[in-house]
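Residue-level structure breakdown
Spelled out from the first residue to the last, the chains are:
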Amino acid sequence: MTTTLTQTEEAPAAGNTPEASTAVEPSAVGPSAARQAVAETTTAAPGIVRRLAGAVGSGLWKSAAILAFLALWELGPTYLASPSTRVFLPPLHEVLLAWGKLFEAGTIQGHIAASLTRSVAGFGAALVAGVSLGLLIAWYGRLNSVLNPLLELFRNTAALALLPVFTLLLGIGEESKISIVAYAAFFPVLLNTIAGVKTVDPLLIRAARSLGLNSFRLFQKVILPSAVPTIFTGIRMAGTASILVLIAAEMVGAKAGLGYLIVNAQSSFLIPDMYAGILTVSLLGLGVNFLLVALERHFSRWRTAVGAAAS
């Protein structure tokens, strides 16, 4: 009897041993896992801070020239220029105040809308005509030999030199301004399209033909993707030219637009308003360039993918 009771009492004690060890393990693992997570976070934090500091430093370095120019614009007229010069070159804060007043009155928005409408219309027409004709000229050699002398003649004729001709033929309305923008933007797109198609690797064309691709598929799959970077170089040049030429055209004869705002403010002796218009033109051109660069990256993604696969 004594032996049986002793075994019965010892059995639960022996059975409790695994449970006790099992209950102890989470408490032993938990703090170590927490300590490991804290250690990883502490280790990763300096890396994140370094990357963030590097990005900020890189941004400041890239924009150092612009910041220096803006500082010179703000401090130069006040401390370096004479009072008479300051009348014609106001500091930056006065220009920004004038821009804010124009914005509150809704004036600057109307001028931007008028300039953008004309610029986009002329640029769009030049883009369609330049790319289409450039592909044809580059693909058909005889067409290139016939049209090349005429294209060289008009390419070397400044667009602003033909502004009186456009004005006489089309008047001072929207047609003449859109036409002069299209003329100025046409040749960069055309010439870079021709160069882009002609510089396609001949081995790629031979390989595509050996695979049985017809002319349309050859253009779609080989020639256009290879020529996209060069074509977009011309498109970016055309985008800049379309804005600059339009501003000059609006200075001659217009009732709205950034060019009209600049020349009207100058003639009315509203010098801060004049500089506000010039600053708006600069920012508009910068925005157009960023947009075209983003489009170029979108249409050239296959080059990035190929480079990543090769590396």
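You'll find the structure just up there.
All of the points below concern the structure found in this document.

Conventions adopted
- Here the residue numbers are simple positions, counted from 1 along each chain's written sequence.
- Per-residue local features are limited, in this predicted model, to residues with pLDDT of at least 70; the limit for side-chain atom pairs, both in listing and counting, is 80 or more; totals at the level of whole chains, interfaces and linings are taken over all residues.
- As a rule here, side-chain values come from all non-hydrogen atoms in the structure, and water together with hydrogens is ignored.
- Any pair of Phe, Tyr and Trp rings, taking the six-membered ring for Trp, is counted once the centres come within 6.5 Å. Such a pair is stacked with planes under 30 degrees apart, edge-to-face with planes over 60 apart, and tilted for the rest.
- Per the convention used, a helix needs a DSSP run of H or I reaching at least four residues, while a strand needs a run of E reaching at least two, with both numbered from the N terminus.
- In the sections that follow, a salt bridge refers to a side-chain nitrogen of Lys or Arg positioned within 4 Å of a carboxyl oxygen of Asp or Glu.
- Burial classification: accessible surface area is computed with a 1.4 Å probe over protein chains only, and a residue below 20% of its type maximum counts as buried, one above 50% as exposed, and the rest as partly exposed.
- For cavity detection a 1 Å grid was placed over the protein atoms alone, and a set of points counts as a cavity when a 1.4 Å probe fits there but cannot get out; an open set counts as a pocket when protein lies on both sides within 12 Å along at least five of seven lines, with lining residues being those that have an atom within 4 Å of a point.
- Grid points are joined across faces, edges and corners, and a volume is the space filled by probe spheres set on the points.

**Remarks on the packing of aromatic side chains**
- For the coordinates displayed, the defined rule picks out 7 aromatic pairs.
- Geometrically, the ring pair formed by Trp99 and Phe103 is stacked, given 5.5 Å between the ring centres and 10° between the ring planes. Separated by 4 residues within a single helix, Trp99 and Phe103 lie in helix H4 (residues 92-105), roughly one turn from each other.
- With a centroid separation of 5.4 Å and 75° between ring planes, the pair formed by Tyr183 and Phe187 is classed as edge-to-face.

**Some thoughts on the pattern of salt bridges**
- Applying the stated criterion to the full structure yields 4 salt bridges.
- Measuring nitrogen to oxygen at the nearest pair gives 2.9 Å for the salt bridge that ties Glu152 to Arg155. In this pair, Glu152 and Arg155 both sit in helix H6 (residues 141-155), 3 residues apart, roughly one turn of the helix.
- Residue classification places Glu152 among the partly exposed residues on the basis of a relative accessible area of 29%.
- A network of salt bridges, in which partner residues are shared, links Arg118, Glu174 and Glu250.

**Focus: unusual backbone geometry**
- Backbone geometry at Phe269 places phi at a positive 60°, although glycine is not the residue there.
- Topologically, Phe269 is positioned in the loop between helix H11 (258-267) and helix H12 (271-299).

**Considerations on the layout of surface pockets**
- Approximately 270 Å³ is the volume found for the largest pocket.
- Lining the largest pocket we find Ile66, Phe69, Leu70, Trp73, Tyr275, Ile278, Leu279, Ser282, Leu283 and Leu286.
- Among the elements of the structure, helix H2 (64-80) and H12 are those that each provide at least two residues to the lining of the largest pocket.
- Here the lining of the largest pocket gets 6 residues from one element, more than from any other, and that element is H12.

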